[in-house]
Amino acid sequence: MATQGHTLKAFDEDLDRLRALISEMGGLAEHAIGEAMRCLVDRDVDGAHRVIEDDKKLDALEIETEKRVVQLIALRAPMAGDLRDVVAALKISGVVERIGDYAKNISKRVAVLEDAGKIEPLSLLPEMARIASQMVHEVLNAFVNRDAEAALRVCERDKAVDDFYDSIFRTLLTHMMEDTHSIRHATHLLFVAKNLERVGDHATNIAEMVYYAATGRHMGERVKGADSVAA
Amino acid sequence: MTMTQEKQPITTNSAVPFPSTAIAADAARDDAGIAKEDAAWTDRPEPAAGPAPITVETPSPEPQDTAEPAAGRTPKMRADRVSVFYGDKQALKDVSIEVHDDRVTAFIGPSGCGKSTFLRCLNRMNDTIAGARVAGQIELDGHDINAPDMDVVQLRARVGMVFQKPNPFPKSIYENVAYGPRIHGLAQGKSELDGIVEKSLRRAGLWDEVKDRLQESGTALSGGQQQRLCIARAIAVDPEVILMDEPCSALDPIATAKIEELIHELRGRYAIAIVTHNMQQAARVSQRTAFFHLGELIEYNRTSDIFTNPREQRTQDYITGRYG
């Protein structure tokens, strides 16, 4: 959108650094989701601990982003598209940190599920996680590239994640009704699915922020996948 | 602010056709938007106690997207297709704009963009420049200010001006302020004149600094004080419109803040148009901002829109610091 760089080059560098921070956070969050799911499937409790430990990096980067945003507003007085970008960066960093928390939450359940027998939805969850994680990846690329169209495409994918969640919810419910011994494990898996569903929602929220930052208009009333009534 | 005032139709539109319909329509929509915004501040109901409703409210459409009927008041000043030539050189091209009396209108743009030239058209200061020619129509309360029956001295009393460089008369501080009211017969006697001088100096944020030395020369003051003296002088004749051409460029931040606060206070009584290179200042003091570039009016909109979401790429480039 910007036709050229700022007359003051240091301003561009500040903005680039902010975008790089958000990218870095996104990369960590994606990795955390992927690792949490791998640990869940492989029953890798040690790996899950590492995911939990690594979440601190995300927290630190969020704080770093906030500091830089405050500094940039104070020192550069960004306007118009720049201002929208900077505000979006601040909001997005908070959301990405939250996405990291979901990955951490999934990791915490790995130990509980270590001795779980074969539960069918476990085979669906990695695919659901892949889509949710891809949404995070794409929406942050959209932010860095100020690409409103890409942000819209991310929103469209949220329906798939919601559908996955509905499907997993029903399957787990069936399991629990058929075998009450599975309730403990199934409930944990249900939370994992719910966490992934929330990741998709957060990616969608980020898409809305990106859309506003890039265009100056709010996305407006999107056609959302009928919100799941299952939960 | 009363809503009824806001809702009155633009009556002069029917009497005098206004060719630049695009900007007129924009301004009308903006009026509606500002009215709505103001109403939102004052009329917003307290959030109801109890659990939050689950239903999602439909967000109200953004002002610029609404196709509302033209609503607004008669502008204090209206410029219609104003062009200015300095000899062969065209400094201003077909500028149409309205200045309202409870708004501060800021003119921004790079040097040489025509914003000061335009400001000077509003009280015919360009008359004083040899070789300057103004085309188009400028109205004050619906009257053509270039009409033969317009008394230019009276015009400049009604449309006061504060310049970039402080230019006090080489007379006492008191005389600087008292001169205008005296020649315009605004005061009946010494005590009334004293009152006007004090009030004007107070409003200009200068009283406390000069009250004990009113008989000293105005030119002995510091640059910042001189500028406030000039503002006091402009206020003293009780103008309807105040034009300010970079009024704070010579002031320190404290004095600047005082002037900006003053602008806020005066906003209710006078139409104010200010030219500034300081975009933060335009953002702080104005409700409307006009962006000029190479003699053209590129964009005229609510200040909040100009600085968060300008429509024109050239505006965006300029205010974000991308224009050289």
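Residues numbered from 1 in each chain as written. Chains lettered and ligands numbered in written order. Predicted model: local features only at pLDDT ≥ 70, side-chain atom pairs only at ≥ 80, totals over all residues.

## Describing the overall build of chain A
Secondary structure summary: chain A contains six helices and zero strands in total. Secondary structure elements of chain A, listed N to C terminal, follow the sequence α-α-α-α-α-α. A globule of 231 residues ought to have a C-alpha radius of gyration of about 17 Å, and chain A, at 19 Å, matches this closely. Principal axes of the C-alpha set define a box for chain A whose edges measure 65 × 40 × 20 Å. The proportion of buried residues among the 231 residues of chain A is 44%. (Helix = DSSP H or I, 4+ residues; strand = E, 2+ residues; numbered from the N terminus. Rg over C-alpha atoms; globule rule 2.2 N^0.38 Å. Buried ≥ 20, exposed ≤ 12 C-beta atoms within 10 Å, placed from the backbone.)

## Quick word on the overall build of chain B
A count of helical and extended segments in chain B gives 13 helices and 10 strands. A buried classification covers 43% of the 324 residues belonging to chain B. The long-range fraction of contacts in chain B, counting pairs at least 24 apart against all pairs at least 6 apart in sequence, stands at 71%. (Contact = placed C-beta atoms within 7 Å.)

## Looking at the interface of chain B and chain A
With 15 residues of chain B at the interface, the matching set in chain A holds 17 residues. When residues of the side of chain B that touches chain A are traced back to their parent elements, those giving at least two are helix H11 (279–285), helix H12 (303–308) and helix H13 (313–319) of chain B. Counting residues per element, the side of chain B that touches chain A draws most heavily on H13(B), which supplies four residues. For the side of chain B that touches chain A, the per-class residue count stands at four nonpolar, nine polar and two charged. (Nonpolar A, V, L, I, M, F, W, Y, C, P; charged D, E, K, R; others polar.)

## Re the sheet that holds strand E5 (residues 143–144) of chain B
Taken in spatial order, the four strands of this open sheet run E2-E1-E4-E5 (chain B), and their pairing is antiparallel. Of all the strands in the sheet, the pair left with one neighbour each is strand E2 (89–99) and E5 of chain B. (Pairing = 2+ DSSP bridges.)

## Re the UniProt feature "domain: PhoU" (unreviewed entry) in chain A
Mapped onto the present numbering, the UniProt feature "domain: PhoU" (unreviewed entry) falls at residues 22–110 and 126–210 of chain A. Across residues 22–110 of chain A, helical content stands at 94% and strand content at 0%; the span's end C-alpha atoms are separated by 28 Å. (UniProt positions renumbered as here; feature names shortened; annotations may be inferred.)

## Brief notes about helix H7 (residues 190–203) of chain B
All names here are of chain B. Over its 14 residues, H7 runs 20 Å from end to end, which matches the ideal 20 Å to within 8%, given 1.5 Å per residue. Taken together, the buried positions of H7 are occupied by Ile196, Val197, Ser200 and Leu201. Seen along its axis, H7 keeps its buried residues to an arc of 125°; they face one direction. Seen from the open side of H7, the exposed residues pointing more than 90 degrees away from its buried face are Ser191 and Glu192. Against helix H6 (173–183), helix H8 (207–210) and helix H9 (223–236) lie the buried residues of H7. Among the residues trailing H7, glycine 205 stands out with phi positive, at a value near 70°. (Expected span 1.5 Å × (residues − 1). Arc of directions from axis to C-beta.)

## Section: unusual backbone geometry
All names here are of chain B. Unusually for a residue other than glycine, aspartate 94 sits at a positive phi of about 50°. Considering the arrangement of structural elements, one finds aspartate 94 in strand E2. Residue arginine 124 is not a glycine yet carries a positive backbone phi of 60°. Following the sequence through the fold, arginine 124 ends up in the loop between helix H4 (115–121) and strand E4 (132–140).

## Focus on the nonpolar core
The tendency in soluble globular proteins is for nonpolar side chains to be buried as a group. Counting residues in hydrophobic clusters, the biggest one holds 142 residues, and the most contacted among them are A:Ala29, A:Ala36, A:Ala132, A:Val139, A:Ala207 and A:Val210. With residues near it in sequence (within four places) discarded, A:Val139 still touches A:Ala151, A:Val154, A:Ala203, A:Ile206, A:Ala207 and A:Val210. (Core = buried A, V, L, I, M, F, W, Y, C linked by C-beta atoms within 7 Å.)

## A closer look at the sheet that holds strand E7 (residues 241–245) of chain B
All names here are of chain B. As summarised here, the arrangement of the six strands in space is E6-E7-E8-E3-E9-E10, forming an open sheet in which the pairing is mixed. One side of each edge strand has no neighbouring strand; the edge strands of this open sheet are strand E6 (159–162) and strand E10 (296–302). Strand-to-strand twist across the sheet, computed as the mean angle between neighbouring axes with direction ignored, equals 15°. Sheet strands in contact with H9 are E6 and E7, and its direction is about 175° off that of E6. In the packing of helix H10 (residues 253–267) onto the sheet, contacts are made with strand E3 (104–108), E7 and strand E8 (271–275), and the angle to E8 comes to roughly 150°. (Axes fitted to C-alpha atoms, helices over the stretch in contact; angles between N-to-C directions.)

## A few points about the pairing of strand E9 (residues 288–293) of chain B
Residues and elements named next belong to chain B. Among the six residues in E9, six count as buried, and that is most of the element. Where burial is concerned, the two faces of E9 agree: the one with Arg288, Ala290 and Phe292 and the one with Thr289, Phe291 and His293 are both buried. With four bridges connecting them, E3 and E9 associate as parallel partners. Note on E9: the bridge partner recorded for isoleucine 108 is phenylalanine 291. For E9 and E10, the ladder comprises six bridges, and the chain directions are antiparallel.

## Concerning the packing of helix H1 (residues 9–42) of chain A against helix H2 (residues 45–76) of chain A
Residues and elements named next belong to chain A. At a closest axis distance of 10 Å, the pairing of H1 and H2 adopts a crossing angle of 165°. Put simply, H1 runs roughly antiparallel to H2. Judged by the sense of rotation from one axis to the other, the crossing of H1 with H2 is left-handed. Per-class residue counts for the contact of H1 with H2 are 16 nonpolar, two polar and 11 charged. (Parallel < 35°, antiparallel > 145°, perpendicular 65-115°, else oblique. Left-handed = near helix turned anticlockwise from the far one by under 90°.)

## Some words on the environment of A:Phe11
Residues and elements named next belong to chain A. Here phenylalanine 11 shows up in helix H1. Since 20 C-beta atoms lie within 10 Å of it, phenylalanine 11 is described here as buried. Along the sequence, phenylalanine 11 and alanine 77 sit 66 residues apart, while their C-alpha atoms lie 9.8 Å from each other.

## A closer look at the environment of B:Met244
All names here are of chain B. Note that methionine 244 resides in strand E7. For methionine 244, a count of 27 C-beta atoms within 10 Å gives the class buried. Spatially, the C-alpha atoms of methionine 244 and glycine 142 are 22 Å apart, while their sequence positions differ by 102 residues. When residues no more than four places from it in sequence are discounted, the contact partners of methionine 244 are Val162, Ile272, Ile274 and Val275.

## Side note on the packing of helix H5 (residues 148–178) of chain A against helix H6 (residues 183–215) of chain A
All names here are of chain A. The geometry of H5 relative to H6 is characterised by a closest axis approach of 9 Å and an angle of 165° between their N-to-C directions. Taken together, the axis directions place H5 and H6 in an arrangement best described as roughly antiparallel. Of the two possible hands of crossing, H5 and H6 adopt the one that is left-handed. The class makeup of the residues in the contact of H5 with H6 is 22 nonpolar, four polar and four charged.

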